[in-house]
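Given next are the chains, with one letter for each unit.
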Amino acid sequence: SKLITKLQEEFDQTLPTISTVHESSDGTYKFMIRFQDGLEVESVLIPFHHRYTICLSTQVGCAMNCQFCYTGLQGLKRHLSAAEIVGEYMVVSNWWKAKKTEALMPNIVFMGQGEPLHNAEEVKRAIEVFINPHGINLG
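Residues numbered from 1 in each chain as written. Predicted model: local features only at pLDDT ≥ 70, side-chain atom pairs only at ≥ 80, totals over all residues. Heavy atoms only, no water.

Draft legend 1. Structural view of the pairing of strand β3 (residues 40-48). When strand β2 (residues 29-34) meets β3, the two strands line up antiparallel, connected through 6 bridges. Bridge assignment links Lys30 to a residue of β3, and that residue is Val44. Hairpin connection of β2 to β3: 5 residues between the antiparallel strands, including Gly38 at a positive phi of 90°. Looking at chain direction, β3 and strand β4 (residues 51-55) are connected through 5 bridges and run antiparallel. Looking at β4, one finds that Ile46 is bridged to Thr53. Count of turn residues in the β3/β4 antiparallel hairpin: 2 residues, of which His49 carries a positive phi of about 50°. (Pairing = 2+ DSSP bridges. Helix = DSSP H or I, 4+ residues; strand = E, 2+ residues; numbered from the N terminus.)

The structure is reproduced here in structure tokens:
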């Protein structure tokens, strides 16, 4: 149909990729997520009472320069777009659903790389997609 063709022409549907996955003995999974420009962030899938939470990054690196934090010592490379934040969730969630067919949609925390409020507009746009009934539809 014309609409599908138009959407395919106008909208980038490319998702980031998972470059590595590490599993911890407690059932936590750490992912390195690679974006189209080759930069990577860390996302973590955390078990909690028969449910999982995805810890999402909002920036590549971090500007805070906290001396105890490796990410802070790297400095800020760039902000993630709302599409990249949603894509980060989607690739981890899809990976998890492929591994565990009975898996519930994971919850979200913004505690990965970066300071979410330093990228507030893109984080807000991502949250709008996460909670939209026509989007990912998280509660």
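What follows picks up the thread again.
Draft legend 2. Spotlight on the packing of aromatic side chains. One pass over the structure, following the stated rule, counts 6 aromatic pairs. Centroid distance Tyr29 to Trp96: 5.8 Å. Interplanar angle 55°. Geometry classified as tilted. Taken together, the residues Tyr29 in strand β2 and Trp96 in helix α3 (residues 82-99) connect sequence positions 67 residues apart. As far as the burial class goes, Tyr29 and Trp96 line up, both buried. Ring centres 4.9 Å apart and planes at 80° place the aromatic pair Phe31 and Trp95 in the edge-to-face group. With Phe31 in strand β2 and Trp95 in helix α3, the pair connects residues that are 64 residues apart, well separated along the chain. Among the aromatic side chains, those forming a connected cluster through ring pairs are Tyr29, Phe31, Tyr52, Trp95 and Trp96. Positioned above the aromatic ring of Phe35 is the side chain of Arg78, whose terminal nitrogen or guanidinium carbon lies 5.8 Å from the ring centre. (Phe/Tyr/Trp six-rings, centres within 6.5 Å; stacked < 30°, edge-to-face > 60°. Buried < 20%, exposed > 50% of the residue type's maximum accessible area, 1.4 Å probe, protein only. Lys NZ or Arg CZ within 6 Å of the ring centre and 35° of its normal.)

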